Amino acid sequence: MLKVTLLGTGGTQPLPDRALAAAAVTVGGRSVLLDCGEGTQVGLRRYGVSAYRLSAVLLTHYHGDHILGLPGLLQTLGSLNRTEPLMIYGPKGIEPVAQAVTALAGPQAYPVRWQVADGQFHIDTLKITPFPLTHRVPCCGYVLALPRAGRFDPARARAAGIPMPYWKTLQRGEPVGGCTPEQVLGAPRRGLKVVYATDTRPCAALEAAARDADLLCMDATYADDADLPKAELYGHATCRETGALAAAANVRRLWLTHYSAAVTDPAPGLAAARTAYPAAVAGYDGLTEELEFDREP
């Protein structure tokens, strides 16, 4: 129902086998891009995510390793004859970034709309909630939620005299022909929730946002516990801290990402994360998983 793909798992410097920060969340063939570091276009093509079918880009902040892939991406979309608007969201301070990227990319035949992510909004069927992270500059993480409507009750539909051709539309949670979903649906069921948070210290806002998430993709810049002073100075997390936050937030899955270029082998950091969260996964470019709604009896 919802597919997550890591396109780049590096921080600061790209490596031959590790592009800079980017991920894609895909629902119904449409995707939302999270960050756009160098190499993102290659990752989109290599891992089967359609650039043409991007609905929006969500930027966590404006350090180069998270945005320098944008000018080329905008040019590529133009060469693909895109006509629909592309929304680009990010924390406060987006205006000079928009001007710089637009100057580099040049004018495009499709609208590019820049928006401060300062409240909940929707992209296609996803509900997006930005929240503050703790970094050296304004930075936000994102909750991407796919809601799930309540169970459809045919008996209620028949009793209300609702024509059968309307049923599928009402099941999707959409009104039709003067009929409303509330007439035929039970209480909303548990949907899907993905949380993306790079470039941050562990913080209360992140733990709250990640509570009971199906998947948390989180900053794991430093593998060695001895690098904790660096993590505190530069606004990042150690792998051990990332595992501890995932455990505290009771997430279902944890992917480590945004490794320092000094981390050539993620195994020691993964072992540290697993002391608190045994199911932690070391993210890598191309890691993907399709999340499905909970099965019901």
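Up top you'll find the structure we're talking about.
Peer 1: Whenever I open this one, the side chain of Thr257 confuses me. Can you help?
Peer 2: Topologically, Thr257 is positioned in strand E12 (residues 254-257). Contacts of Thr257, omitting those with residues within four sequence positions, involve Gly8, Thr9, Thr198, Cys217, Met218, Asp219, Ala220 and Thr221.

Peer 1: In this structure, what is going on with the side chain of Ser55? I would like to understand it.
Peer 2: By the secondary structure assignment, Ser55 is in strand E4 (residues 54-58). What makes Ser55 buried here is its relative accessible area of 9%. With sequence-adjacent residues up to four places away left out, Ser55 is seen in contact with Arg30, Ser31, Arg82, Pro85, Leu86, Met87, Ile123 and Asp124.

Peer 1: Even after reading the chapter, I still don't get the sheet that holds E12, so can you show me in this structure?
Peer 2: Strand order in this open sheet of seven strands is E7-E8-E9-E10-E11-E12-E13, and the pairing throughout is mixed. In the strand order of this sheet, the two ends are held by strand E7 (121-123) and strand E13 (281-282), each with one partner. Of the strand pairs in this sheet, strand E8 (residues 126-132) and strand E9 (residues 140-148) are connected by six bridges, and their pairing is antiparallel. What sits directly across from Ile128, in E9, is Leu144.

Peer 1: Is there a simple way to explain the sheet that holds E4 in this structure?
Peer 2: Within a sheet, adjacent strands bond to each other through the backbone by hydrogen bonds, running parallel or antiparallel. The seven strands are arranged E6-E5-E4-E3-E2-E1-E14 in an open sheet whose pairing can be described as mixed. Looking at strand neighbours, the two that pair on one side only are strand E6 (112-116) and strand E14 (288-291), the edges of this open sheet. Between one strand axis and the next, the sheet turns by 20° as a mean value, whatever way the strands run. Here E4 runs beside strand E5 (residues 86-90); their pairing, made up of three bridges, is parallel. Within E5, the position partnered with Ala56 by the bridge is Met87. Helix H3 (residues 70-79) contacts strand E3 (30-34), E4, E5 and E6 of the sheet and is inclined by roughly 165° relative to E5.

Peer 1: In this structure, what is going on with the state of the cysteines? I would like to understand it.
Peer 2: Disulfides are covalent bonds that link the sulfur atoms of two cysteine residues. A full pass over the atoms with the stated rule returns zero disulfides. Unpaired in terms of disulfides, Cys217 finds its nearest cysteine sulfur in Cys239, a separation of 14 Å. The exposure class of Cys217 is buried, given its relative accessible area of 1%.

Peer 1: Would you explain the environment of Val42 in this entry?
Peer 2: By secondary structure assignment, the location of Val42 is in helix H1 (residues 40-46). Overall, the relative accessible area of 47% leaves Val42 in the partly exposed class. Measuring from C-alpha to C-alpha, the distance between Val42 and Leu7 comes to 8.5 Å, with 35 residues separating the pair along the chain.

Peer 1: I'm lost on the environment of Ala247 in this one. Help?
Peer 2: Within the fold, Ala247 resides in helix H9 (residues 239-249). A residue is classified by how much of its surface remains accessible, and Ala247, at 34% relative accessible area, is partly exposed. For the pair Ala247 and Tyr277, spaced 30 residues apart in the sequence, the C-alpha separation amounts to 5.5 Å. Not counting the four nearest positions on each side in its chain, Ala247 is found in contact with Ala276 and Tyr277.

Analysis parameters
Residues numbered from 1 in each chain as written. Predicted model: local features only at pLDDT ≥ 70, side-chain atom pairs only at ≥ 80, totals over all residues. Heavy atoms only, no water. Helix = DSSP H or I, 4+ residues; strand = E, 2+ residues; numbered from the N terminus. Contact = heavy atoms within 4.5 Å. Buried < 20%, exposed > 50% of the residue type's maximum accessible area, 1.4 Å probe, protein only. Pairing = 2+ DSSP bridges. Axes fitted to C-alpha atoms, helices over the stretch in contact; angles between N-to-C directions. Disulfide = S-S within 2.5 Å.

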